[in-house]
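Coordinate analysis (summary)
Spelled out, the chains give:
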Amino acid sequence: MENLLKEFDVDHKNPSEEALRRWRIAVTIVKNRRRRFRMVANLTKRSEAERRRRGIQEKIRVALYVQRAALQFIDAVEQHEYRPCEEATKAGFGIDPDELASIVHGHDMKKLKHHGGIEGIARKLMVNLEEGISTPTIPTRQKIYGLNKFTEKPGRKFLMFVWEALHDSTLVILMISAAVSTGVGIATEGWPSGVYDGLGILLSIFLVVTVTAISDYRQSLQFRDLDREKRKIFVHVTRDGHGEKVSIYDLVVGDIVHLSIGDQVPADGIFISGYSLLIDESSLSGESEPVDVYDQKPFLFSGTKVKDGSGKLLVTTVGMKTEWGKLMETLSEGGEDETPLQVKLNGVATIIGKIGLVFAVLTFMVLTVWFLVEKALRNDITDWSSADAMTLVNFFAIAVTIIVVAVPEGLPLAVTLSLAFAMKKMMNDWALVRHLSACETMGSATCICTDKTGTLTTNHMVVTKIWLCCKQKEITGTDSIEVLKSETAKDAQTILLQALFHNTASEVGKDKDGKHKILGTPTESALLEFGLSLSGNFDGQFKGFKVLKVEPFSSDRKKMSVLVARPDGGVRAFCKGASEIILRMCDKILNEDGKPVPLSKDKVNHVLHVINDFSCEALRTLCLAYKDMIECFEKSIPENGYTLVIVVGIKDPVRPGVKEAVQTCLAAGITVRMVTGDNINTAKAIARECGILTDDGIAIEGQDFRNKSPEQMKEVIPKIQVMARSLPLDKHTLVTHLRKVFNQVVAVTGDGTNDAPALHGADIGLAMGIAGTEVAKESADVIILNDNFTTIVNVARWGRAIYINIQKFVQFQLTVNVAALVINFVSACVSGVAPLTAVQLLWVNMIMDTLGALALATEPPNDQLMKRPPIEKGMNFITRAMWRNIIGQSIYQLAVLGVLNFDGKTLLGLHSSDATEILNTVIFNTFVFCQVFNEINSRDMEKVNIFSGMFGSWIFLLVITSTVVFQVIIIEFMGEFASTVPLSWQLWMLSILIGSMSLPVGAVLKFIPVDQNKPGRKHNDNGYEPLPSGPEMA
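For clarity, every value in this text was computed on a predicted model and none was experimentally measured. All residue numbers refer to positions counted from 1 along the written sequence of the respective chain. With pLDDT at 70 or above as the cut-off, local features in this predicted model cover only qualifying residues; side-chain atom pairs require 80 or more to be listed or tallied, and sums for whole chains, interfaces and linings still use all residues. Hydrogens are left out, water is left out, and the side-chain values use all remaining heavy atoms of the structure.

**Let's talk about the overall build of the chain**
- Every helix listed is a DSSP run of H or I at least four residues long, and every strand listed is a run of E at least two residues long, numbered separately from the N terminus. Along its length, the chain carries 37 helices and 26 strands.
- Projected onto its principal axes, the C-alpha coordinates of the chain cover approximately 125 × 75 × 50 Å.
- Working definition: with a 1.4 Å probe on protein chains only, accessible area under 20% of the residue-type maximum means buried, over 50% means exposed, and in between means partly exposed. Burial status across the chain gives 56% buried among its 1034 residues.
- Any two residues whose heavy atoms approach within 4.5 Å are treated as being in contact. In the chain, the proportion of contacts linking residues at least 24 apart, taken out of those at least 6 apart, comes to 73%.
- With an accessible surface of roughly 43300 Å², the chain has 57% of that area assigned to carbon and sulfur atoms.
- On the chain, the mean spot of the 111 positive side-chain charges and the mean spot of the 116 negative ones are 2 Å from each other. In short, Shrake-Rupley with a 1.4 Å probe defines the accessible areas, and a residue's cover is counted only from the protein chains shown. Charged-residue counts in this description rest on Lys and Arg as positive and Asp and Glu as negative, His and the chain ends being excluded. Charge positions are represented by NZ for Lys, CZ for Arg, CG for Asp and CD for Glu.

**So, the packing of aromatic side chains**
- Between the rings of Phe, Tyr and Trp (Trp by its six-membered ring), a pair exists once the centres lie within 6.5 Å; its type follows the angle of the planes, with under 30 degrees stacked, over 60 edge-to-face, and the other angles tilted. On inspection of all chains with the given rule, the structure shows seven aromatic pairs.
- Taking the centre distance of 5.5 Å and the plane angle of 80 degrees together, the rings of Y803 and F877 count as edge-to-face. Placement of the pair is Y803 in helix 30 (residues 789–831) and F877 in the loop between helix 31 (838–856) and helix 32 (880–908), with a sequence separation of 74 residues. As far as the burial class goes, Y803 and F877 line up, both buried.
- An aromatic cluster is defined as three or more aromatic residues linked by ring pairs; in this entry it consists of F158, F161 and Y217.

**Points about the sheet that holds strand 23 (residues 720–724)**
- Strand pairing follows a simple DSSP-based rule, namely that at least 2 bridges must link the two strands. Spatially, 8-26-25-24-9-21-23-22 is the arrangement adopted by the eight strands of the open sheet, whose pairing is mixed. The outermost strands of the open sheet, each flanked by one partner alone, are strand 8 (431–433) and strand 22 (698–701). Here the average twist between neighbouring strands, direction ignored, is 20 degrees.
- Relative to strand 25 (residues 764–768), strand 24 (residues 746–750) runs parallel, the two sharing four bridges. If you follow V748 over to strand 25, its bridge partner there is G765.
- Strands strand 8, strand 9 (447–450), strand 21 (671–675), strand 24, strand 25 and strand 26 (782–784) of the sheet are contacted by helix 30, whose axis makes an angle of about 145 degrees with strand 26. Think of each axis as a best-fit line through the C-alpha atoms, taken over the contacting stretch in the case of a helix, with angles from 0 to 180 degrees between the N-to-C directions.

**Let's talk about the UniProt feature "transmembrane region" (unreviewed entry) in the chain**
- Under the local residue numbering, the UniProt record ascribes the feature "transmembrane region" (unreviewed entry) to residues 165–188, 194–214, 351–373, 393–422, 814–834, 840–858, 951–975 and 987–1008.
- Along residues 351–373, the helical share is 100% and the strand share 0%, with 33 Å between the first and last C-alpha atoms.
- Taken end to end, residues 840–858 is 89% helix and 0% strand, and its two terminal C-alpha atoms sit 26 Å from one another. UniProt positions are given in the numbering used here, feature names are shortened, and annotations may be inferred rather than shown by experiment.

**Some details on the pattern of salt bridges**
- Definition used for salt bridges: Asp or Glu carboxyl oxygen within 4 Å of a side-chain nitrogen of Lys or Arg. Enumeration over the complete set of coordinates arrives at 28 salt bridges.
- Across the pair E229 and K232 runs a salt bridge whose closest N-O atoms are separated by 3.3 Å.
- Between D628 and R566 there is a salt bridge whose closest N-O contact spans 3.4 Å. One end of the pair, D628, is in strand 19 (residues 619–629); the other, R566, is in the loop between strand 15 (559–565) and strand 16 (571–578), with 62 residues separating them in the sequence.

**Brief notes about the environment of I25**
- By the element assignment, I25 lies in helix 1 (residues 17–26).
- Given a relative accessible area of 68%, I25 falls into the exposed group.
- Residues I25 and E7, 18 residues apart in the sequence, show an inter-C-alpha distance of 9.2 Å.

**What about the packing of helix 31 against helix 33 (residues 915–937)?**
- At a minimum axis distance of 11 Å, the contact between helix 31 and helix 33 shows a crossing angle of 10 degrees. With respect to each other, helix 31 and helix 33 are oriented roughly parallel. On helix 33, the residues that touch Q840, W843, V844, I847, L851, G852, A855 and L856 of helix 31 are F924, F927, V928 and E935.
- In this classification, Asp, Glu, Lys and Arg are treated as charged, Ala, Val, Leu, Ile, Met, Phe, Trp, Tyr, Cys and Pro as nonpolar, and every other residue, Gly included, as polar. Per-class residue counts for the contact of helix 31 with helix 33 are nine nonpolar, two polar and one charged. In these notes the angle categories are as follows: under 35 degrees is roughly parallel, over 145 is roughly antiparallel, 65 to 115 is roughly perpendicular, and the rest is oblique.

**Re the environment of V716**
- Within the secondary structure, V716 is located in helix 26 (residues 710–716).
- In this structure V716 comes out as buried when scored by relative accessible area, which is 12%.
- Separated by 28 residues in sequence, V716 and Q744 place their C-alpha atoms 15 Å apart.
- Filtering out sequence-adjacent residues up to four positions away, V716 remains in contact with I698 and K708.

**Thoughts on empty space enclosed by the protein**
- Think of a 1 Å grid over just the protein atoms. A cavity is a set of points where a 1.4 Å probe fits yet cannot get out, a pocket is an open set with protein on both sides within 12 Å along at least five of seven lines, and lining residues have an atom within 4 Å of a point. Grid points are joined across faces, edges and corners, and a volume is the space filled by probe spheres set on the points. All told, the structure shown has six cavities of 30 Å³ or more when counted by the stated rule.
- If you trace the second largest cavity, you find it lined by R35, S215, D216, Q219, G410, L413, A414, L417, D849, T850 and A853.
- Elements that contribute at least two residues to the lining of the second largest cavity include exactly helix 11 (196–230), helix 16 (410–428) and helix 31.
- Of the residues forming the lining of the second largest cavity, the biggest block, four residues, is contributed by helix 16.

**Looking at helix 19 (residues 490–502)**
- Between its first and last C-alpha atoms helix 19 spans 18 Å; for 13 residues at 1.5 Å apiece the expected length is 18 Å, and the two agree.
- Listed as buried for helix 19 are A492, Q493, I495, L496, L497, Q498, A499, L500, F501 and H502. Expected helix span is computed as 1.5 Å times (number of residues minus one).

**Some points on the nonpolar core**
- Only buried residues count toward a nonpolar core, which is a set of Ala, Val, Leu, Ile, Met, Phe, Trp, Tyr and Cys residues joined through side-chain atoms within 4.5 Å. Core analysis: the largest hydrophobic core is formed by 150 residues, its most contacted members being L174, I201, M442, I764, F789, I806 and V810.
- Here the element with the most residues in this core is helix 30; it accounts for 20 residues.
- Look past the residues within four positions of V810 in its chain and what remains in contact with it is L345, L411, F877, I878 and M882.
- Judged by nonpolar contacts, the second largest core, of 50 residues, contains I118, V235, I272 and W324.

See the structure below:
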């Protein structure tokens, strides 16, 4: 089978357009193209949308650059007096939406100055640049200036899915056949007897279409909900004098938005204040060169990204009035790339469809030949009646229905159903899937490269130890703070508070109760809380100081610096960051009296000893330093000559359940590697506590790793379990080597802007939902909403469940296909009649297609999934174990149905006039119950105990129960339409008994050994022995 599916191989991430087109061409037999390809990317629409997007980008680029340049050559002209529109004036505003949009879009500095600059615009928008807008004015602002929402395609109604389901070509042919059958039937048998056959087919079609449409509609609703979740972005704003987080959709014109590295600019606006703000406008204009934003170039655009620095933005234009709003319409055109499983199952459906088509044609030909031979033997070959025409129509209907059953249209759609179900469940488990293929790929993950802070730890940080003025202190509460204040020189306290409060990217505000509220990262918050415990007067520390320059923290620099002008003249630089890096920048230290003294070699060694002690206690260590200068040329922040103020030890406890989750990964054949920017001793202590670092594992620093040759890397990478003080480039190098050299399937976590290349380059990029920047989230395949490592393990569990569930469904459907095709074909060849009618086959098709997918493709994962190896790349999708089960069950079903078909009357003692109808009903009933019990059997392809967890899967139980109930209704009450007759309780018991024998047959089959046809690697290349697989896992 795998050799026949070569055309249906696509990469799970960023597949080439050639591969996508290749498999589409290879799909030849499709009953319903509209439905089959609904969840498949429309390459034509996508290319058209790409052309439109580039056109819009080009227009924006011209507006941004050409118009900006042209404005410099326009001579000063007298500005006409501006009058806002009447609606804005009545609401109390001094400027209207069009004027605001023209200022920003045109980079019109003259018009901005004419309105009084940023302060004048703020006055006209009735906003205080310090306190933000007043909440009660939000509805008015939304009415005048619009909502920050973009045009969305309206959701498809239920009737659209009904219409789509009716485009199935075989169902259309059956409807025509039913109409012909009804017409001929009325002419020959009269009303109402003549309509039963045709009406039975129409009712079956109605049921199939309804169930199909309901299933598809529910899937579309789930995907729509998930799309909404993907677009949720929250930003920091100031309103009513307080800082708060709001959704970008709730932003209004006049809002004050706080921007930092990695943020997406949520609306068009004007720069208020900030430091070193560098904006990436490539998503909007296509230009790769980032743009500096400052007082003289103050315009910011929605959809651009903050590459460096920080700042505050006054929102001036929102929603579809922004350039980004116009561009957004083209971004989702063409749909998302299909997943490898969807493509592969399209291939399986095509191959089986061709076989089914051959069987259908042969069955029709054999039935027709039998009919003609019988007529010839009766010497009435030239005598044709409407009854003969009716017989040929029924033969044709049976042949078409065989195609309906044989072409497993539900295979690729079952993947969509399973993915929709899994994504909804994962959302409840705090994982938001951005790309469908990530769900599947996570089931093959062999390695997880995880961050430490916030993922393995709680990210709730508290300063617990400090080393200040050459003394080590433990911070345990208010009493220890008071002792610290009494024992520390005033000068040292003053310098410490300045280092804490001046050199921070966080903001300290007041909540509605007047208490301090810190908006910022957990590390910054821990430092500020420590500073506030020493002195509650945060604002007082800034009197007389003026910030000259800020260099924000980044994972490359591993430090943050600020330059301030002092009230008494001169300038002072503050620096904080990774302890070893800051210590190397220092040549002085505060002594016991709080005075700067030279930093001797012995003192350096002593400070390093303190840092190591803190780190070995799993504390995150930071150093804070300062440097005084008489003057500063070009406002550059120095890189040396600092005075060390304090060494801080911050406690960040390991999350509950992480150690167990790591052990689960190891048991599942998934190696966990910690990649962190923290001190190596802190990293090792946390890694040991989590169970990541073992005795035979290696902990290495990023600098040592990047200095190794390719040969040395190849030797050391399998043993690496911890990488500390790593740069984003180190993470990317590690991921690339694991994937390309060691053929691993790698999942990587990341939260920073610089993590984007590693997230994009990994098989599965996992961005943090709380600590992660928007740039990181956009590069990721899955967003971990609670930043918890345990959630990552749940994603892996669901990835495996999806793959196994689809395998179960394929095994079940192929068994039904084989049995239905062969029994009808053999019976037609031997006796000239088909035991299963068109209506019955349509019901069987629904059992194995929509209902089967619903039952088997939506089963939740179980713990046993994480006690087996990962699903290897290149592994045959239909395994030998599956073929064993399919062939074994098919042989059993064909044997019992064949015996019933050819010798059933004698065995069952049927001698009445309706013996044939009773026998055919028993065959149909037995066949259906064989599928019901085989559905239960298919819950596990290897284990004998197939009931484990069954009663916890309510969908499975509902489908099984519904199937049995409908089967009873069809047999007992719909005989005229379904060509059945009511059965005695003995024949019911016989049908159920024969069907239930599928269970012991399945158990016996599972004891037949089969070689697992894995292409596999003999060694995992990750330091662990390969896990056992196959029947021994039962």
